Amino acid sequence: RKVYPHRNRAAALSSPPWTVCSPDMHLLHPDPIQAAETLAALLEKEAVYARGDYLASFTPRDHGPRVSANDRLMLVDWMYSVADQCEFKRETTAVAMELVDRFLSSCPPKASHFYLAHRENFQLLAVAAFYVSVKTMESVAFGSDLLVLASNGTYTK
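Keep in mind that what you see is a predicted model, and the values were worked out from it rather than measured.

Enquirer: Help me understand the side chain of Thr93, please; the structure alone is not making it clear to me.
Expert: By secondary structure assignment, the location of Thr93 is in helix α5 (residues 90–106). Looking at Thr93, its side chain comes within polar contact range of the main-chain oxygen of Met79, at 3.4 Å. Leaving out residues up to four positions away in the same chain, Thr93 has contacts with Val76, Met79, Tyr80, Ala83 and Phe130.

Enquirer: Would you mind showing me how to read the packing of helix α4 (residues 69–85) against helix α7 (residues 119–137) here?
Expert: In helix packing, the relevant descriptors are the interaxial angle and the interaxial distance, both defined with respect to the helix axes. Taken N-terminus to C-terminus, the directions of α4 and α7 make an angle of 35°; their axes are 11 Å apart at the nearest point. Between α4 and α7 lies a crossing of right-handed hand. Contacts between α4 and α7 involve Asp71, Arg72, Leu75, Trp78, Met79, Val82 and Ala83 from the former and Arg119, Phe122, Gln123, Ala126, Val127 and Phe130 from the latter. Along the lines of polarity and charge, the residues of the contact of α4 with α7 split into nine nonpolar, one polar and three charged.

Enquirer: Is there a simple way to think about the packing of aromatic side chains in this case?
Expert: Inspection of the entire model under this criterion finds three aromatic pairs. Arranged with centres 6.5 Å apart and planes meeting at 55°, the rings of Trp78 and Phe130 form a pair that is tilted. Highlighted residues: Trp78 in helix α4 and Phe130 in helix α7, separated in sequence by 52 residues. Seen in terms of ring centroids, Phe103 and Tyr115 are 5.6 Å apart; in terms of plane orientation they differ by 75°. Their pairing is edge-to-face. Of the two residues, Phe103 is situated in helix α5 and Tyr115 in helix α6 (residues 109–116); the sequence distance between them amounts to 12 residues. For Phe103, a relative accessible area of 33% corresponds to the partly exposed category. Following the ring pairs from residue to residue traces out a cluster consisting of Phe103, Phe114 and Tyr115.

Definitions and limits used
Residues numbered from 1 in each chain as written. Predicted model: local features only at pLDDT ≥ 70, side-chain atom pairs only at ≥ 80, totals over all residues. Heavy atoms only, no water. Helix = DSSP H or I, 4+ residues; strand = E, 2+ residues; numbered from the N terminus. Polar contact = N/O pair within 3.5 Å; in protein donor to acceptor, adjacent residues only side chain to side chain. Contact = heavy atoms within 4.5 Å. Axes fitted to C-alpha atoms, helices over the stretch in contact; angles between N-to-C directions. Left-handed = near helix turned anticlockwise from the far one by under 90°. Nonpolar A, V, L, I, M, F, W, Y, C, P; charged D, E, K, R; others polar. Phe/Tyr/Trp six-rings, centres within 6.5 Å; stacked < 30°, edge-to-face > 60°. Buried < 20%, exposed > 50% of the residue type's maximum accessible area, 1.4 Å probe, protein only.

Okay, structure coming up:
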């Protein structure tokens, strides 16, 4: 597989596609039967591990502020901006939100209520997931001090 030679996105987009993609891309699965069996197995696993819509199924016990899809979107945008600023892979943010989504889809109702009834708890869960994702996906040292700075002091060590 060819390593991306470009340092920025504009250069990658302006160059011919063969400099960005692998020349053997059509040879990923030379056996169509094996490819179909692999795809079937992946689709079966996807059905087993599918997440529920935890935001739609949440019913607050009180009438206070609760986490909405818009809150989740703003949090994801914030994580992407932090990742871009730190020059992390954008996949790091996707993995962090996957952790959050899977956790909230599989935890008991009492625990999900704790995180979904109050935005601050949901934000803290997402920040913790982002921290774990950075620690596992990136090859740089990333201390909690940087998250304190990025959150404008909302959280402390």
